[in-house]
Amino acid sequence: MKANEMFIESIAHKEKFWAEQAEKIEWFKKPTHILTDDGENYPTWFADGELNTCFLAVDKHVNDGFGDQVAIIYDSPVTNRIIKYTYSQVLEHVSKFAGGLKKLGLEKGDTAIIYMPMIPESVFAMLACARLGVTHSVVFGGFAPQELAIRIDDCNPKAIITASSGMEVSRRIPYLPFVKEAISMSEHQPEHIVAFDRKLLGNRVDFKNDSSLTDFEKLMTESEPTDCVPVESTHPLYILYTSGTTGKPKGVIRDNGGHAVAMKFSMQNIYGVKEGETFWAASDIGWAVGHSYSVYGPLINRNTTVIFEGKPIGTPDAGTFWRVIEEHKVAVMFTAPTAIRAIKKEDPEGKFLKKYDLSSLRTQFLAGERCDVATLDWFDEFVGVPAIDHWWQTESGWPMLGLMPGIEDVKIKRASAGKPIPGYDIKIFSEEGYELESHHEGYLVIKLPLAPGAMMGIWGDPERFKFGYLAKFPGYYFSGDGAIKDEDGYVFVTGRVDDVINVAGHRLSTAEMEEVVAAHKEVAECCVVGIDDDLKGQIPFAIAVLKSGSKVDEKTLEKELVVLIREKIGPVASMKNALVVNRLPKTRSGKILRKLIRTMLDGKDYQMPSTIDDESVVEELQLKMNDYKQKYL
Ligand code: COA
Ligand code: AMP
C-alpha cells in the first residue's frame, strides 16, 4: 500500500486500520474495543487491552530467541567509553532493578521522576518503571532545580531516580545536589532518592552517611528479578512535561497501548527500519524524541539503539556523529536541524565527514524545529542520503507530518515537513475555523480522533487540556503551529503562533521566562520573545521596563537577568540578551505586542498594528534596538 492510500484508509476506516496495526504487537489481553469515545469528544484507543511496554521492549525479544542481539550501545565520547548490552543483559538489569524498586514499595499507580544523564542506567530505570506499571516522568538535565521542583509538586513521585553527576562536554553537572535542592524547594517529599554513583566522574555519593539515599547499583545487582505487571492499554506509561503558553509546564500523559502500536507502526513504516538494524536518535531522553526513538520505538521494534552522551561538536570534534554512524553501522538516524547546523559551521567543507564510511546510513530524519534550506544543501552535498524533515510534538509522541520511506520511494520537497501521516487528519484553518485553500497560511489543526499514542491529557489538569487544545476549534486538536499546504498536500510549518519557542530543538516557554524576569526587583514590566539565531534557530531576548526611580545600570541588569534565567529555568534556555526600554508597545486593551517586538528585533519589515495604542512607542523602541544591536550584537 502506498502512503497516500494508507492515509486515506486510516481516516476512512480508523478502527479497522488500527486494529490491524495492533495485531503487530503482543498483548496480554487483546483489545476488542478499538476506539472508545469518552463522551467528551476525545477518544481513547484499545481501552480493554492489556499489555506491558517493558515486555514488548525487552522480554519478548529474549523469548523469541534474540537475547544475544545488542539492544543498547552506550557511546560516550565525554567519558571515552563504549559499552554494549544485549537484550538478555538488558532484561537482567531491568528485571532486577524493577525488583529493587518493588522492594522499596513502588507499584502500579505510583509515579517516579527520573533525572539522569545519557547513560544506560537511565534507560534501565525507564524500563523498570514500565515493567511495574509505575508511571515515570523523565526531567531533562538542562533544567534547573526549580523546574525539577515544579515537576515534583505536580506529579508527586514516590521515588526520584538520579545519578551523582552528568558530563556536559568537559563540565561536570551535579545531578544529585540539584535533586536535593529541588526537594528542599518542593512541598511534596518523595519517599526515596535512588542515586547511581558515577564513580568514574569522582564526586562520589556518600551512601554510608546519607540515609536518605538508596544505591542504584546495589539495588540493581542485589535484588531479585521481577516479572512484568500487565497494565490496561490506557494506563499512563509516562508523564512528560513540556512548555505551554503559561509559566507552568504541562505534563503530557502517554498511554501504554496506543503508544506501543504507534511505536511499532512508525519504526517500520515511517523510519523504515528493519528489526535487527541500528537506529540512532541523537536526542536526550529528557525530550519526547528521546522517549520515543532513543528508547521505546527502537527497542519495541527489536533494533539496536545508541545512547549517545556527547554533542555534535566539541566531543571531541565535528566528526563525532559520523564516527558513531560508521562504528555502529547506523542504518537510520534522527536528529534536530540545529545539530547539523552546528556541524556545518565547524566543518563547512566536510573535512571531518570524509574521514568516515557512512555507507550503512540510508536515511536521515530531522525534526524539532524548521530546517533551513542551506543546511539541507550542505547535508545533500556532503552526506548524500535523503534528509527527511518531519513534524511532531511532545503531545503526539510520534510524527504527524512526514514521508514514509518504509513503504515507498519518497519525494522530498524542500522546507516542507511532508504530508499527513496515517491517523492524523491535518487541516489548515482560518481564525474563524474554516478550512483554507492551498497556499494560504493558517492554523495547523487535526480532526479528532488523533491517532493511537497521542496524548491522553494533561496530568492533574483536564481543564487546561480541554481549554488549550480542544476549545478553539471544536472537534479539532489545535497544535499551536501555523502552516501552509500546497496543491500536492505537502505541509510547510511556519512556526508557533503562541509564546512557545524552540531553542536548539528544545521547546521552551517565553511566558515562563517572563515570570522570572518580572520577578527581578528593578523590573516593572517585561516581555521575552524568541529571536532568530543562526545556530539555535531561536534564542530568547528580554525587554524590560524599569521601576520608576530605578538607577540600575542597564548592562548590570542584563547580566543579572541572564544569571536569573539560568538559575531558575536552566542553562538550556540560553538567554544572553536583555534590553531596557522606557515603554513597551501595547494594544489599546493593554496587551503587549510581542509579535511586533519580535519582528523588529529580527530586523524584518513590519506593519504598524491597527490595534496599537501609541505609535510613538515603536519609534522609540526602534532607536533603542538599533543602538543595542550596534553595540552588542
Ligand atoms: N545537563 C546540564 N546542562 C545542559 C544539558 C544537560 N543535559 N544540556 C544542555 N545543557 C547546558 C549546556 O551545557 C549549555 O550550557 P552553557 O550555556 O553553560 O554552555 C546550555 O545548557 C545550552 O545547551 P545547548 O542548547 O545544548 O547548547 P550548546 O551550545 O551546548 O550546543 C548544539 C548547541 C546545537 C550543539 C546542541 O544544542 C545540540 O546538539 N542540539 C540538538 C538538540 C536535540 O537533539 N534536540 C532534541 C530534539 S530532536
Ligand atoms: P516538542 O514538543 O519539543 O517536540 O516541540 C514541538 C514543536 O516543535 C512544534 O509545535 C513545532 O513548533 C516545532 N517543530 C517540530 N518539528 C518541526 C518541523 N519539522 N518543522 C517545523 N517545526 C517543528
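What you see is a predicted model, and the numbers here were worked out from it, not measured in a lab.

Conventions we followed
- Counting restarts for each chain: residues are numbered from 1 in the order of the written sequence.
- Ligands are numbered from 1 and chains lettered from A, in the order in which they are written.
- Selection of residues for local features in this predicted model requires a pLDDT of at least 70, selection of side-chain atom pairs for listing and counting requires 80 or more, and totals for whole chains, interfaces and linings are taken over all residues.
- The side-chain values count all of the structure's non-hydrogen atoms but skip hydrogen atoms and water molecules.
- UniProt positions are given in the numbering used here, feature names are shortened, and annotations may be inferred rather than shown by experiment.
- Helix numbering and strand numbering both begin at the N terminus, where a helix is a DSSP run of H or I of at least 4 residues and a strand a DSSP run of E of at least 2.
- Reported domain spans reflect what an automatic or database domain assignment gives.
- Only heavy atoms enter the contact rule, under which two residues are in contact if any of them lie within 4.5 Å.
- The term buried area refers to how much accessible surface (probe radius 1.4 Å) is lost by two components on association, counted for both of them together.
- We define a salt bridge as a side-chain nitrogen of Lys or Arg found within 4 Å of a carboxyl oxygen belonging to Asp or Glu.
- When residue character is reported, Ala, Val, Leu, Ile, Met, Phe, Trp, Tyr, Cys and Pro are called nonpolar, Asp, Glu, Lys and Arg charged, and the others, Gly included, polar.
- Buried means the residue's accessible area, taken with a 1.4 Å probe over protein chains only, is under 20% of the maximum for its type, while exposed means over 50%, and partly exposed covers the values in between.
- We call a residue near a molecule or strand as soon as one heavy atom of that residue lies within 4 Å of the molecule or strand.
- Pairing of N or O atoms within 3.5 Å defines a polar contact, subject to two protein rules: one partner must be a possible hydrogen donor and the other a possible acceptor, and residues neighboring in sequence count only if both atoms are side-chain atoms.
- Reported accessibility uses the Shrake-Rupley method at a 1.4 Å probe radius. Residues are deemed covered only where the shown protein chains occlude them.
- Helix axes use the C-alpha atoms of the stretch in contact, all axes being lines fitted to C-alpha atoms, and the angles between their N-to-C directions lie in the range 0 to 180 degrees.
- Oblique is the label for every angle not falling under 35 degrees (roughly parallel), over 145 degrees (roughly antiparallel), or within 65 to 115 degrees (roughly perpendicular).
- Strands are treated as partners if at least two bridges between them are detected by DSSP.

## Focus on the UniProt feature "domain: AMP-binding enzyme C-terminal" (unreviewed entry) in the protein chain
Then step 1. The UniProt record annotates "domain: AMP-binding enzyme C-terminal" (unreviewed entry) at residues 512-591.
Then step 2. Helix makes up 28% of residues 512-591 and strand 32%, and the two end C-alpha atoms of the span are 17 Å apart.

## Structural notes on the domain arrangement of the protein chain
Then step 1. Splitting the protein chain by domain gives domain 1 (3-310 + 390-470) and domain 2 (523-632).
Then step 2. Averaged C-alpha coordinates put domain 1 and domain 2 at centres separated by 36 Å.
Then step 3. Of the residues lining the interface, seven residues belong to domain 1; the matching set on domain 2 comes to seven residues.
Then step 4. In total, about 550 Å² of surface goes out of reach between domain 1 and domain 2, with carbon and sulfur atoms giving 54% of it.
Then step 5. Considering only the side of domain 1, the residues that lose the most area to domain 2 are Gly 142, Ala 144 and Gln 146, jointly responsible for 55% of the buried surface there.
Then step 6. Seen at the junction of domain 1 and domain 2, the total is zero salt bridges.
Then step 7. Classifying every residue of the side of domain 1 that touches domain 2 by side-chain character gives three nonpolar, two polar and two charged.

## A look at the environment of Ile 426
Then step 1. With respect to the helices and strands, the residue Ile 426 is situated in strand E23 (residues 425-429).
Then step 2. We classify Ile 426 as buried; its relative accessible area is 2%.
Then step 3. As a C-alpha pair, Ile 426 and Ile 446 span 20 residues in sequence and 4.5 Å in three-dimensional space.
Then step 4. Contacts of Ile 426, omitting those with residues within four sequence positions, involve Trp 391, Met 400, Leu 401, Pro 420, Leu 444, Val 445, Ile 446 and Lys 485.

## Some thoughts on helix H12 (residues 337-346)
Then step 1. Among the 10 residues in H12, seven count as buried, and that is most of the element.
Then step 2. Inspection of H12 places Pro 337, Thr 338, Ala 339, Ile 340, Arg 341, Ala 342 and Ile 343 among the buried residues, and these make up the whole buried set.
Then step 3. Lining the buried residues of H12 we find helix H11 (320-328), strand E18 (330-335), strand E19 (363-366), helix H13 (373-382) and strand E31 (537-546).

## Section: the site of ligand 1
Then step 1. Residues in contact with ligand 1 amount to 23 residues; listed here are only the nearest, Glu 168, Arg 171, Lys 311, Lys 536 and Arg 566.
Then step 2. Arg 171 has a polar side-chain atom sitting 2.7 Å from an oxygen atom of ligand 1.
Then step 3. Lys 311 places a polar side-chain atom, nitrogen or oxygen, 2.7 Å from an oxygen atom of ligand 1.
Then step 4. Burial of ligand 1 by the protein amounts to 83% of the accessible area it has alone, namely 930 Å².
Then step 5. Within the shell around ligand 1, the residues separate by chemical class into 11 nonpolar, seven polar and five charged.

## Focus on the packing of helix H9 (residues 257-270) against helix H10 (residues 288-300)
Then step 1. Packing of H9 against H10 leaves a shortest axis separation of 8 Å and a crossing angle of 85 degrees. The angle between H9 and H10 places the two elements in the roughly perpendicular class. On H10, the residues that touch His 259, Ala 260, Met 263, Lys 264, Ser 266 and Met 267 of H9 are Ser 292, Tyr 293, Tyr 296, Gly 297, Pro 298 and Ile 300.
Then step 2. Of the residues in the contact of H9 with H10, the class split is seven nonpolar, four polar and one charged.

## Re the site of ligand 2
Then step 1. Looking at ligand 2, there are 14 residues lining it, with His 390, Thr 394, Asp 481, Arg 496 and Arg 507 nearest.
Then step 2. Arg 507 places a side-chain nitrogen or oxygen 2.6 Å from an oxygen atom of ligand 2.
Then step 3. Here ligand 2 loses 94% of its free accessible area of 500 Å² to cover by the protein chains.

## Re the sheet that holds E23
Working definition: the strands of a sheet are paired by backbone hydrogen bonds and lie parallel or antiparallel to each other.
Then step 1. Ordered in space as E23-E24-E26-E27, the four strands form an open sheet in which the pairing is antiparallel. Every interior strand has two partners, whereas the edge strands, E23 and strand E27 (491-496), have only one. The average undirected angle you get between the axes of adjacent strands in this sheet is 45 degrees.
Then step 2. Relative to E27, strand E26 (residues 476-485) runs antiparallel, the two sharing five bridges.

## Considerations on the sheet that holds strand E17 (residues 304-308)
Then step 1. Across the sheet, seven strands lie side by side as E5-E4-E17-E16-E18-E19-E20; this open sheet has mixed pairing. The open sheet terminates on both sides in strands that have one partner only, identified here as strand E5 (81-86) and strand E20 (387-389). When strand polarity is set aside, the average angle formed by the axes of neighbouring strands in this sheet is 20 degrees.
Then step 2. Strand direction decides the pairing type here: strand E4 (residues 70-76) and E17, joined by four bridges, are parallel. If you follow Tyr 74 over to E17, its bridge partner there is Ile 307.

## Here we look at the side chain of Arg 496
Then step 1. Counting through the fold element by element, Arg 496 comes out in strand E27.
Then step 2. Polar contacts involving the side chain of Arg 496 include one to the side chain of Asp 498, which spans 2.6 Å.
Then step 3. If we skip the residues at most four places from it in the chain, Arg 496 touches Gln 393, Ser 479, Gly 480, Asp 481 and Arg 507.

## Quick notes on H10
Then step 1. In terms of residue burial, H10 counts as a mostly covered element, since 13 of its 13 residues are buried.
Then step 2. With its phi angle positive at about 55 degrees, Arg 302 sits one or two positions after the end of H10.

## Thoughts on the environment of Phe 279
Then step 1. On the secondary structure map, Phe 279 appears in strand E16 (residues 278-281).
Then step 2. Spatially, the C-alpha atoms of Phe 279 and Thr 394 are 20 Å apart, while their sequence positions differ by 115 residues.
Then step 3. Setting aside residues no more than four positions away along its own chain, Phe 279 makes contact with Met 267, Tyr 271, Val 273, Tyr 293, Pro 298, Asn 303, Thr 304, Thr 305, Val 306, Val 332 and Phe 334.

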